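# Geometric and topological summary
Below are the chains, spelled out letter by letter.
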Amino acid sequence: MNTAAQNDWVARSLHSVWHPCTQMQHHETMPLVAISHGRGAWLMDHEGRRYLDAISSWWVNLFGHANARINAALKDQLDKLEHAMLAGFTHEPVVQLSEQLAARTGGVLGHCFYASDGASAVEIALKMSFHAWRNLGQPDKQEFVCLSGSYHGETIGALAVTDVALFREAYGPLLQRAHVVASPDARQAQAGETAADVARHAAQDLRQLLEARAGHIAAVIVEPLVQCASGMAMHDPVYLQLVRALCDEFGVHLIADEIAVGCGRTGSFFACEQAAIWPDFLCLSKGISGGYLPLSLVMTREEIYQAFYHADVARGFLHSHSYTGNPLACRAALATLAIFDEDNVLAMNRVRGDKLEAALAPIAQHPQVKNFRRQGMIFAFDAQPAQAEGFARRFFTEALQQELLLRPIGNTVYMMPPYILSDEEIALLATRTLTVLEHTLR
Ligand SMILES: Cc1ncc(COP(=O)(O)O)c(C=O)c1O
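Residues numbered from 1 in each chain as written. Predicted model: local features only at pLDDT ≥ 70, side-chain atom pairs only at ≥ 80, totals over all residues. Heavy atoms only, no water.

## Here's the deal with the environment of Phe-396
Within the fold, Phe-396 resides in helix H14 (residues 391-401). Overall, the relative accessible area of 16% leaves Phe-396 in the buried class. Between the C-alpha atoms of Phe-396 and Asp-140, which are 256 residues apart in sequence, the distance is 47 Å. Setting aside chain neighbours within four positions, we find Phe-396 in contact with Met-30, Leu-405, Leu-406, Arg-407 and Pro-408. (Helix = DSSP H or I, 4+ residues; strand = E, 2+ residues; numbered from the N terminus. Buried < 20%, exposed > 50% of the residue type's maximum accessible area, 1.4 Å probe, protein only. Contact = heavy atoms within 4.5 Å.)

Below is the structure:
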(Lines give C-alpha, C1' and ligand atoms only; values in the text may rest on other atoms or scores of the structure.)
Protein backbone atom coordinates (compact mmCIF):
# COMPACT_ATOMS: atom_id res chain seq x y z
CA MET A 1 0.00 0.00 0.00
CA ASN A 2 1.39 3.42 -0.85
CA THR A 3 2.02 5.87 1.98
CA ALA A 4 -0.73 8.33 1.01
CA ALA A 5 -3.40 5.63 0.98
CA GLN A 6 -2.09 4.23 4.23
CA ASN A 7 -2.10 7.62 5.98
CA ASP A 8 -5.67 7.98 4.88
CA TRP A 9 -6.95 4.89 6.71
CA VAL A 10 -4.78 5.52 9.75
CA ALA A 11 -6.29 8.99 10.03
CA ARG A 12 -9.79 7.56 9.58
CA SER A 13 -9.07 5.09 12.39
CA LEU A 14 -9.25 8.01 14.82
CA HIS A 15 -12.91 8.51 13.93
CA SER A 16 -14.27 5.06 13.29
CA VAL A 17 -12.26 3.17 15.92
CA TRP A 18 -12.59 4.24 19.54
CA HIS A 19 -9.33 2.97 21.01
CA PRO A 20 -9.23 1.33 24.46
CA CYS A 21 -7.73 2.89 27.58
CA THR A 22 -7.08 6.09 25.61
CA GLN A 23 -8.03 9.74 25.82
CA MET A 24 -8.66 10.06 22.09
CA GLN A 25 -7.76 13.75 22.06
CA HIS A 26 -4.14 12.84 22.87
CA HIS A 27 -3.89 11.40 19.36
CA GLU A 28 -4.03 14.95 17.99
CA THR A 29 -0.33 15.08 18.87
CA MET A 30 0.52 11.39 19.24
CA PRO A 31 0.17 9.43 15.97
CA LEU A 32 -1.28 5.93 16.00
CA VAL A 33 1.20 3.19 15.13
CA ALA A 34 -0.23 1.19 12.22
CA ILE A 35 0.98 -2.39 12.51
CA SER A 36 1.19 -4.52 9.38
CA HIS A 37 2.63 -7.78 10.72
CA GLY A 38 4.49 -9.47 13.53
CA ARG A 39 7.35 -11.97 13.72
CA GLY A 40 8.71 -13.38 16.96
CA ALA A 41 9.17 -10.63 19.54
CA TRP A 42 8.77 -7.91 16.90
CA LEU A 43 5.84 -5.88 15.54
CA MET A 44 6.37 -4.17 12.16
CA ASP A 45 4.58 -1.03 11.02
CA HIS A 46 3.49 -0.02 7.55
CA GLU A 47 6.46 2.27 7.09
CA GLY A 48 8.98 -0.51 7.68
CA ARG A 49 9.81 0.35 11.29
CA ARG A 50 9.93 -2.38 13.93
CA TYR A 51 9.14 -2.47 17.66
CA LEU A 52 10.29 -5.05 20.20
CA ASP A 53 7.07 -6.08 21.94
CA ALA A 54 8.46 -5.90 25.49
CA ILE A 55 5.00 -6.04 27.07
CA SER A 56 3.71 -8.97 25.02
CA SER A 57 0.90 -6.83 23.59
CA TRP A 58 -0.88 -6.29 26.91
CA TRP A 59 0.67 -9.41 28.50
CA VAL A 60 -0.89 -11.96 26.17
CA ASN A 61 1.74 -12.99 23.66
CA LEU A 62 3.89 -15.71 25.26
CA PHE A 63 5.75 -17.26 22.34
CA GLY A 64 6.07 -14.49 19.81
CA HIS A 65 3.97 -13.25 16.93
CA ALA A 66 3.25 -15.64 14.04
CA ASN A 67 4.45 -18.59 16.08
CA ALA A 68 4.84 -21.53 13.69
CA ARG A 69 3.46 -24.18 16.06
CA ILE A 70 0.39 -22.19 17.11
CA ASN A 71 -0.23 -21.19 13.49
CA ALA A 72 -0.12 -24.84 12.41
CA ALA A 73 -2.57 -25.89 15.13
CA LEU A 74 -4.99 -23.13 14.16
CA LYS A 75 -4.79 -23.95 10.43
CA ASP A 76 -5.56 -27.59 11.22
CA GLN A 77 -8.48 -26.61 13.48
CA LEU A 78 -9.88 -24.18 10.89
CA ASP A 79 -10.51 -27.04 8.50
CA LYS A 80 -12.28 -29.06 11.20
CA LEU A 81 -14.47 -26.81 13.32
CA GLU A 82 -14.33 -23.05 13.82
CA HIS A 83 -17.10 -22.89 16.43
CA ALA A 84 -20.01 -24.75 17.94
CA MET A 85 -22.09 -23.71 20.90
CA LEU A 86 -21.05 -25.32 24.17
CA ALA A 87 -24.54 -25.78 25.66
CA GLY A 88 -25.64 -29.32 24.87
CA PHE A 89 -22.59 -29.80 22.59
CA THR A 90 -18.94 -30.45 23.22
CA HIS A 91 -15.73 -30.86 21.19
CA GLU A 92 -12.33 -32.41 21.68
CA PRO A 93 -10.22 -29.23 22.08
CA VAL A 94 -12.29 -27.97 25.02
CA VAL A 95 -12.20 -31.37 26.75
CA GLN A 96 -8.46 -31.75 26.27
CA LEU A 97 -7.78 -28.23 27.48
CA SER A 98 -9.92 -28.67 30.61
CA GLU A 99 -8.21 -31.97 31.43
CA GLN A 100 -4.70 -30.65 30.84
CA LEU A 101 -5.28 -27.57 32.99
CA ALA A 102 -6.89 -29.63 35.76
CA ALA A 103 -3.88 -31.96 35.69
CA ARG A 104 -1.63 -28.95 36.30
CA THR A 105 -3.47 -28.45 39.63
CA GLY A 106 -3.14 -32.12 40.53
CA GLY A 107 -6.87 -32.47 39.88
CA VAL A 108 -7.82 -30.04 42.70
CA LEU A 109 -9.43 -27.57 40.29
CA GLY A 110 -11.08 -30.17 38.11
CA HIS A 111 -13.93 -28.15 36.55
CA CYS A 112 -13.40 -25.42 33.93
CA PHE A 113 -16.03 -22.84 32.98
CA TYR A 114 -15.23 -20.84 29.84
CA ALA A 115 -15.66 -17.24 28.62
CA SER A 116 -13.77 -14.93 26.29
CA ASP A 117 -12.00 -12.17 28.21
CA GLY A 118 -10.51 -11.62 31.63
CA ALA A 119 -13.24 -9.42 33.07
CA SER A 120 -15.87 -12.04 32.16
CA ALA A 121 -13.89 -14.70 34.02
CA VAL A 122 -13.89 -12.45 37.09
CA GLU A 123 -17.65 -11.93 36.75
CA ILE A 124 -18.09 -15.70 36.58
CA ALA A 125 -15.99 -16.34 39.69
CA LEU A 126 -17.90 -13.68 41.68
CA LYS A 127 -21.31 -14.97 40.56
CA MET A 128 -20.34 -18.61 41.11
CA SER A 129 -19.10 -17.88 44.62
CA PHE A 130 -22.27 -16.03 45.59
CA HIS A 131 -24.52 -18.64 43.95
CA ALA A 132 -22.67 -21.57 45.54
CA TRP A 133 -23.23 -20.09 49.01
CA ARG A 134 -26.88 -19.47 48.14
CA ASN A 135 -27.34 -23.06 46.99
CA LEU A 136 -25.67 -24.18 50.22
CA GLY A 137 -28.20 -22.26 52.33
CA GLN A 138 -26.09 -19.16 53.06
CA PRO A 139 -27.76 -16.44 50.91
CA ASP A 140 -26.46 -13.66 53.16
CA LYS A 141 -22.97 -14.11 51.80
CA GLN A 142 -23.22 -11.36 49.18
CA GLU A 143 -20.11 -9.23 49.74
CA PHE A 144 -16.63 -9.38 48.27
CA VAL A 145 -13.20 -8.34 49.48
CA CYS A 146 -10.41 -7.01 47.27
CA LEU A 147 -7.00 -5.54 47.98
CA SER A 148 -5.98 -1.93 47.90
CA GLY A 149 -4.65 -1.25 44.39
CA SER A 150 -6.37 -4.33 42.94
CA TYR A 151 -7.33 -4.59 39.26
CA HIS A 152 -9.74 -7.26 38.06
CA GLY A 153 -11.21 -5.77 34.89
CA GLU A 154 -13.63 -3.08 33.85
CA THR A 155 -17.09 -4.58 33.48
CA ILE A 156 -19.43 -3.46 36.25
CA GLY A 157 -18.93 -6.49 38.51
CA ALA A 158 -15.17 -6.67 37.98
CA LEU A 159 -14.84 -2.92 38.47
CA ALA A 160 -16.55 -3.26 41.85
CA VAL A 161 -13.54 -5.31 43.05
CA THR A 162 -11.03 -3.02 41.33
CA ASP A 163 -9.35 -0.37 43.43
CA VAL A 164 -7.86 1.92 40.80
CA ALA A 165 -9.47 5.34 41.18
CA LEU A 166 -8.85 6.38 37.56
CA PHE A 167 -10.85 3.44 36.22
CA ARG A 168 -13.48 3.30 38.94
CA GLU A 169 -14.42 6.78 40.05
CA ALA A 170 -16.61 7.82 37.12
CA TYR A 171 -18.72 4.69 37.55
CA GLY A 172 -18.95 4.78 41.37
CA PRO A 173 -22.74 5.16 41.47
CA LEU A 174 -23.15 1.98 39.38
CA LEU A 175 -20.99 -0.25 41.53
CA GLN A 176 -21.78 -2.46 44.48
CA ARG A 177 -18.67 -1.51 46.39
CA ALA A 178 -16.45 -4.26 47.79
CA HIS A 179 -14.47 -4.16 51.02
CA VAL A 180 -10.91 -2.99 50.35
CA VAL A 181 -8.19 -4.38 52.64
CA ALA A 182 -4.48 -3.56 52.88
CA SER A 183 -2.23 -4.60 50.01
CA PRO A 184 0.85 -6.71 50.86
CA ASP A 185 2.90 -4.58 48.40
CA ALA A 186 6.50 -5.20 49.51
CA ARG A 187 7.47 -1.59 48.72
CA GLN A 188 5.72 -0.60 51.96
CA ALA A 189 8.40 -2.30 54.10
CA GLN A 190 9.78 0.04 56.75
CA ALA A 191 13.49 -0.03 57.70
CA GLY A 192 14.28 -3.47 59.13
CA GLU A 193 11.08 -5.05 57.79
CA THR A 194 10.92 -7.83 55.20
CA ALA A 195 8.35 -8.41 52.47
CA ALA A 196 7.00 -11.25 54.62
CA ASP A 197 6.47 -8.76 57.50
CA VAL A 198 4.43 -6.52 55.18
CA ALA A 199 2.44 -9.58 54.10
CA ARG A 200 1.68 -10.49 57.73
CA HIS A 201 0.46 -6.94 58.52
CA ALA A 202 -1.78 -7.00 55.45
CA ALA A 203 -3.19 -10.40 56.41
CA GLN A 204 -3.99 -9.01 59.86
CA ASP A 205 -6.10 -6.31 58.21
CA LEU A 206 -8.06 -9.01 56.37
CA ARG A 207 -8.47 -10.97 59.62
CA GLN A 208 -10.07 -7.96 61.31
CA LEU A 209 -12.58 -7.57 58.49
CA LEU A 210 -13.43 -11.28 58.46
CA GLU A 211 -13.90 -11.31 62.24
CA ALA A 212 -16.53 -8.60 61.82
CA ARG A 213 -18.24 -9.54 58.52
CA ALA A 214 -17.45 -13.14 57.46
CA GLY A 215 -21.13 -14.14 57.67
CA HIS A 216 -21.84 -11.67 54.84
CA ILE A 217 -18.71 -12.24 52.78
CA ALA A 218 -18.73 -14.66 49.84
CA ALA A 219 -15.13 -14.37 48.64
CA VAL A 220 -11.79 -12.62 48.79
CA ILE A 221 -10.23 -11.93 45.38
CA VAL A 222 -6.46 -11.53 44.95
CA GLU A 223 -3.91 -11.20 42.16
CA PRO A 224 -1.33 -13.74 43.38
CA LEU A 225 2.26 -12.46 43.76
CA VAL A 226 1.93 -9.36 41.55
CA GLN A 227 -0.80 -6.72 41.43
CA CYS A 228 -0.06 -5.84 37.85
CA ALA A 229 -2.27 -3.08 36.47
CA SER A 230 -1.91 -0.75 39.45
CA GLY A 231 1.88 -0.70 39.01
CA MET A 232 3.47 -4.15 39.36
CA ALA A 233 3.20 -4.29 43.16
CA MET A 234 4.90 -7.54 44.22
CA HIS A 235 4.38 -9.44 47.46
CA ASP A 236 5.74 -12.37 49.42
CA PRO A 237 4.05 -15.76 48.78
CA VAL A 238 3.42 -16.08 52.52
CA TYR A 239 0.55 -13.62 52.00
CA LEU A 240 -1.28 -16.19 49.87
CA GLN A 241 -0.78 -18.87 52.53
CA LEU A 242 -2.17 -16.55 55.21
CA VAL A 243 -5.17 -15.59 53.08
CA ARG A 244 -5.88 -19.24 52.28
CA ALA A 245 -5.79 -20.06 56.02
CA LEU A 246 -8.07 -17.11 56.87
CA CYS A 247 -10.56 -18.10 54.16
CA ASP A 248 -10.65 -21.64 55.59
CA GLU A 249 -11.00 -20.39 59.17
CA PHE A 250 -13.86 -18.00 58.37
CA GLY A 251 -15.68 -19.98 55.66
CA VAL A 252 -15.01 -17.60 52.76
CA HIS A 253 -14.02 -18.49 49.17
CA LEU A 254 -10.65 -17.51 47.76
CA ILE A 255 -10.60 -16.32 44.13
CA ALA A 256 -7.12 -16.23 42.55
CA ASP A 257 -7.16 -13.92 39.56
CA GLU A 258 -4.27 -15.35 37.52
CA ILE A 259 -5.37 -13.59 34.34
CA ALA A 260 -2.11 -11.63 34.22
CA VAL A 261 0.16 -13.72 36.45
CA GLY A 262 -0.75 -17.22 35.23
CA CYS A 263 0.83 -19.18 32.37
CA GLY A 264 4.38 -19.00 33.67
CA ARG A 265 4.57 -15.23 34.04
CA THR A 266 5.72 -15.30 37.67
CA GLY A 267 8.08 -18.26 37.26
CA SER A 268 5.71 -21.19 37.95
CA PHE A 269 2.84 -22.14 35.65
CA PHE A 270 0.30 -20.90 38.21
CA ALA A 271 1.46 -18.17 40.61
CA CYS A 272 -0.35 -19.96 43.48
CA GLU A 273 2.10 -22.86 43.18
CA GLN A 274 4.79 -20.68 44.77
CA ALA A 275 2.72 -20.53 47.96
CA ALA A 276 1.76 -24.22 47.71
CA ILE A 277 -1.94 -23.35 47.95
CA TRP A 278 -4.94 -23.72 45.67
CA PRO A 279 -7.82 -21.25 45.61
CA ASP A 280 -11.51 -22.14 45.30
CA PHE A 281 -11.67 -20.35 41.94
CA LEU A 282 -8.77 -19.66 39.59
CA CYS A 283 -9.29 -17.22 36.70
CA LEU A 284 -7.10 -17.58 33.62
CA SER A 285 -6.99 -15.62 30.35
CA LYS A 286 -4.46 -13.47 28.41
CA GLY A 287 -1.49 -15.83 27.79
CA ILE A 288 -3.53 -19.05 27.79
CA SER A 289 -4.18 -18.79 24.03
CA GLY A 290 -0.61 -17.67 23.38
CA GLY A 291 -1.96 -14.21 22.65
CA TYR A 292 -3.88 -15.40 19.60
CA LEU A 293 -7.58 -15.45 20.43
CA PRO A 294 -9.84 -14.22 23.22
CA LEU A 295 -10.24 -17.02 25.76
CA SER A 296 -10.79 -17.06 29.51
CA LEU A 297 -11.83 -19.64 32.02
CA VAL A 298 -12.54 -20.22 35.69
CA MET A 299 -11.29 -23.41 37.30
CA THR A 300 -13.00 -24.65 40.44
CA ARG A 301 -13.25 -27.50 42.92
CA GLU A 302 -15.52 -30.52 43.15
CA GLU A 303 -17.36 -29.10 46.22
CA ILE A 304 -18.35 -25.97 44.29
CA TYR A 305 -19.43 -28.01 41.27
CA GLN A 306 -21.54 -30.25 43.52
CA ALA A 307 -23.25 -27.20 45.06
CA PHE A 308 -24.85 -26.60 41.63
CA TYR A 309 -25.44 -30.25 40.61
CA HIS A 310 -29.18 -30.80 40.99
CA ALA A 311 -32.39 -31.58 39.10
CA ASP A 312 -33.57 -27.99 39.60
CA VAL A 313 -32.55 -25.76 36.64
CA ALA A 314 -32.45 -22.63 38.82
CA ARG A 315 -29.77 -24.18 41.02
CA GLY A 316 -27.53 -24.54 37.97
CA PHE A 317 -24.98 -21.96 36.87
CA LEU A 318 -26.93 -20.37 34.02
CA HIS A 319 -24.22 -17.96 32.88
CA SER A 320 -23.26 -18.09 29.18
CA HIS A 321 -21.38 -16.28 26.42
CA SER A 322 -21.88 -16.99 22.71
CA TYR A 323 -18.24 -17.91 22.12
CA THR A 324 -17.84 -19.98 25.31
CA GLY A 325 -15.13 -22.61 24.74
CA ASN A 326 -14.45 -21.58 21.13
CA PRO A 327 -12.58 -24.49 19.45
CA LEU A 328 -10.03 -22.29 17.67
CA ALA A 329 -9.12 -20.53 20.92
CA CYS A 330 -8.91 -23.89 22.72
CA ARG A 331 -6.60 -25.28 20.00
CA ALA A 332 -4.38 -22.20 20.34
CA ALA A 333 -4.32 -22.87 24.09
CA LEU A 334 -3.45 -26.55 23.60
CA ALA A 335 -0.60 -25.56 21.26
CA THR A 336 0.55 -23.06 23.91
CA LEU A 337 0.55 -25.72 26.65
CA ALA A 338 2.45 -28.09 24.35
CA ILE A 339 5.19 -25.48 23.87
CA PHE A 340 5.56 -25.18 27.66
CA ASP A 341 6.36 -28.89 27.83
CA GLU A 342 8.31 -29.34 24.58
CA ASP A 343 10.61 -26.37 25.23
CA ASN A 344 10.94 -26.72 29.02
CA VAL A 345 9.81 -23.11 29.13
CA LEU A 346 9.75 -22.54 32.90
CA ALA A 347 13.39 -23.66 33.27
CA MET A 348 14.51 -21.70 30.20
CA ASN A 349 12.75 -18.60 31.50
CA ARG A 350 14.81 -18.73 34.69
CA VAL A 351 17.94 -18.45 32.54
CA ARG A 352 16.44 -15.79 30.25
CA GLY A 353 15.07 -13.82 33.20
CA ASP A 354 18.43 -13.86 35.00
CA LYS A 355 20.13 -12.56 31.86
CA LEU A 356 17.64 -9.73 31.46
CA GLU A 357 17.91 -8.85 35.15
CA ALA A 358 21.71 -8.69 34.85
CA ALA A 359 21.46 -6.56 31.71
CA LEU A 360 19.10 -4.17 33.52
CA ALA A 361 21.61 -3.57 36.37
CA PRO A 362 22.52 -0.03 35.14
CA ILE A 363 18.83 0.87 35.35
CA ALA A 364 18.44 -0.70 38.80
CA GLN A 365 21.37 1.46 39.98
CA HIS A 366 20.25 4.65 38.24
CA PRO A 367 19.97 7.57 40.71
CA GLN A 368 16.46 8.42 39.47
CA VAL A 369 15.16 4.87 39.78
CA LYS A 370 13.61 3.27 42.87
CA ASN A 371 12.30 -0.18 43.70
CA PHE A 372 13.76 -2.19 40.85
CA ARG A 373 11.94 -5.50 41.23
CA ARG A 374 11.41 -8.79 39.48
CA GLN A 375 9.05 -11.74 39.77
CA GLY A 376 9.76 -14.42 37.17
CA MET A 377 9.30 -12.72 33.78
CA ILE A 378 7.94 -9.45 35.19
CA PHE A 379 10.47 -6.64 35.63
CA ALA A 380 9.56 -3.20 36.99
CA PHE A 381 11.03 -0.03 38.42
CA ASP A 382 9.70 3.30 39.61
CA ALA A 383 11.19 6.30 37.78
CA GLN A 384 11.61 9.56 39.67
CA PRO A 385 11.10 12.21 36.98
CA ALA A 386 11.31 15.89 37.84
CA GLN A 387 8.09 16.33 35.86
CA ALA A 388 5.73 13.48 36.73
CA GLU A 389 2.81 14.77 34.62
CA GLY A 390 2.77 12.98 31.27
CA PHE A 391 5.78 10.77 32.10
CA ALA A 392 4.15 7.57 30.82
CA ARG A 393 3.24 9.09 27.45
CA ARG A 394 6.61 10.75 26.99
CA PHE A 395 8.35 7.44 27.83
CA PHE A 396 6.11 5.50 25.43
CA THR A 397 6.89 7.94 22.61
CA GLU A 398 10.66 7.88 23.29
CA ALA A 399 10.53 4.08 23.42
CA LEU A 400 9.00 3.91 19.94
CA GLN A 401 11.95 6.00 18.68
CA GLN A 402 14.22 3.29 20.11
CA GLU A 403 12.21 0.45 18.50
CA LEU A 404 10.63 -0.61 21.79
CA LEU A 405 7.02 -1.12 22.78
CA LEU A 406 6.94 -0.14 26.46
CA ARG A 407 3.91 1.46 28.09
CA PRO A 408 4.54 2.59 31.69
CA ILE A 409 1.81 2.71 34.32
CA GLY A 410 2.24 6.16 35.85
CA ASN A 411 5.92 6.35 36.81
CA THR A 412 6.30 2.58 36.90
CA VAL A 413 8.15 1.21 33.90
CA TYR A 414 7.73 -2.52 33.43
CA MET A 415 8.62 -5.29 31.03
CA MET A 416 6.63 -8.47 30.46
CA PRO A 417 8.40 -9.80 27.37
CA PRO A 418 7.44 -12.91 25.41
CA TYR A 419 9.30 -16.04 26.53
CA ILE A 420 11.46 -16.21 23.40
CA LEU A 421 13.95 -13.33 23.63
CA SER A 422 17.40 -14.11 22.21
CA ASP A 423 20.57 -12.87 23.93
CA GLU A 424 20.80 -10.08 21.33
CA GLU A 425 17.21 -9.02 21.98
CA ILE A 426 17.81 -9.02 25.74
CA ALA A 427 20.87 -6.78 25.31
CA LEU A 428 18.99 -4.46 22.93
CA LEU A 429 16.00 -4.21 25.28
CA ALA A 430 18.18 -3.34 28.27
CA THR A 431 20.46 -0.78 26.61
CA ARG A 432 17.68 0.97 24.72
CA THR A 433 15.42 1.13 27.79
CA LEU A 434 18.25 2.95 29.58
CA THR A 435 18.48 5.38 26.66
CA VAL A 436 14.71 5.93 26.72
CA LEU A 437 14.81 6.51 30.47
CA GLU A 438 17.60 9.07 30.18
CA HIS A 439 15.85 10.91 27.33
CA THR A 440 12.56 10.95 29.22
CA LEU A 441 14.11 12.16 32.47
CA ARG A 442 15.98 15.02 30.72
C1 LIG B 1 -5.43 -9.31 36.98
C2 LIG B 1 -6.36 -8.97 35.87
N3 LIG B 1 -7.63 -9.37 35.95
C4 LIG B 1 -8.53 -9.10 34.97
C5 LIG B 1 -8.14 -8.40 33.85
C6 LIG B 1 -9.16 -8.09 32.78
O7 LIG B 1 -8.90 -8.82 31.63
P8 LIG B 1 -9.53 -8.31 30.22
O9 LIG B 1 -8.80 -7.04 29.88
O10 LIG B 1 -9.25 -9.42 29.28
O11 LIG B 1 -10.97 -8.09 30.46
C12 LIG B 1 -6.83 -7.96 33.73
C13 LIG B 1 -6.39 -7.19 32.55
O14 LIG B 1 -5.34 -6.60 32.52
C15 LIG B 1 -5.90 -8.25 34.77
O16 LIG B 1 -4.64 -7.84 34.72
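Now, onward.
## Comments concerning the domain arrangement of the protein chain
How big an interface is tends to be expressed through the accessible area that disappears when the partners come together. In terms of domain boundaries, the protein chain breaks down into domain 1 (33-66 + 344-441) and domain 2 (71-342). In this assembly, 28 residues from domain 1 lie in contact with 29 residues from domain 2. Summing the contributions of domain 1 and of domain 2, the shared interface buries around 2300 Å²; its carbon and sulfur component is 62%. Taken as a group, Trp-59, Leu-346 and Gln-375 account for 26% of the area that domain 1 buries against domain 2, more than any other trio of residues on that side. At the junction of domain 1 with domain 2, the criterion picks out one salt bridge. As a salt-bridge pair, Arg-187 and Asp-382 come within 3.1 Å of each other at their nearest N and O atoms. For the pair domain 1 and domain 2, the interface holds 16 residue pairs in polar contact (both at pLDDT 80 or more). Of all the secondary-structure elements, those providing two or more residues to the side of domain 1 that touches domain 2 are helix H2 (56-59), helix H12 (345-359), strand E13 (369-375), strand E14 (378-383) and strand E16 (412-415). A class-by-class count of the residues in the side of domain 1 that touches domain 2 yields 16 nonpolar, eight polar and four charged. (Domains from an automatic or database assignment. Buried area = accessible area lost by both parts, 1.4 Å probe. Salt bridge = Lys/Arg side-chain N within 4 Å of Asp/Glu carboxyl O. Polar contact = N/O pair within 3.5 Å; in protein donor to acceptor, adjacent residues only side chain to side chain. Nonpolar A, V, L, I, M, F, W, Y, C, P; charged D, E, K, R; others polar.)

## A word on empty space enclosed by the protein
Counting across every chain of the model gives one cavity of 30 Å³ or more. Volume-wise, the largest cavity comes out at about 40 Å³. The wall of the largest cavity is formed by Trp-59, Leu-62, Glu-258, Ile-259, Ala-260, Gly-262, Cys-263, Arg-265, Ser-285, Lys-286, Gly-287 and Tyr-419. A class-by-class count of the residues in the lining of the largest cavity yields six nonpolar, three polar and three charged. Each of two domains, domain 1 (33-66 + 344-441) and domain 2 (71-342), supplies a minimum of three residues to the lining of the largest cavity. (1 Å grid on protein atoms, 1.4 Å probe; cavity = no way out; pocket = protein on both sides within 12 Å on 5 of 7 lines; lining within 4 Å. Points joined across faces, edges and corners; volume = space filled by probe spheres on them.)

## Side note on the layout of surface pockets
Of the pockets and cavities examined, the second largest pocket occupies roughly 590 Å³. Taken together, 21 residues make up the lining of the second largest pocket; nearest its centre are Cys-112, Phe-113, Met-128, Tyr-305 and Phe-317. Elements that contribute at least two residues to the lining of the second largest pocket include exactly helix H4 (92-103), strand E4 (111-115) and helix H10 (302-308). Looking at the lining of the second largest pocket, the element that brings in the most residues is E4, giving four residues. For the lining of the second largest pocket, the per-class residue count stands at 12 nonpolar, nine polar and no charged.

## Notes on the site of the ligand
Taken together, Trp-59, Asp-117, Gly-118, Ala-119, Tyr-151, His-152, Gly-153, Glu-223, Asp-257, Ile-259, Ala-260 and Lys-286 make up all the residues around the ligand. Measuring from an oxygen atom of the ligand, one finds a side-chain N or O atom of Lys-286 at 3.1 Å. With the chains in place, 82% of the 390 Å² that the ligand exposes on its own is no longer accessible. Grouping the amino acids of the shell around the ligand by side-chain chemistry returns five nonpolar, three polar and four charged. (Near = heavy atom within 4 Å. Areas by Shrake-Rupley, 256 points an atom, 1.4 Å probe, with all protein chains shown as cover.)

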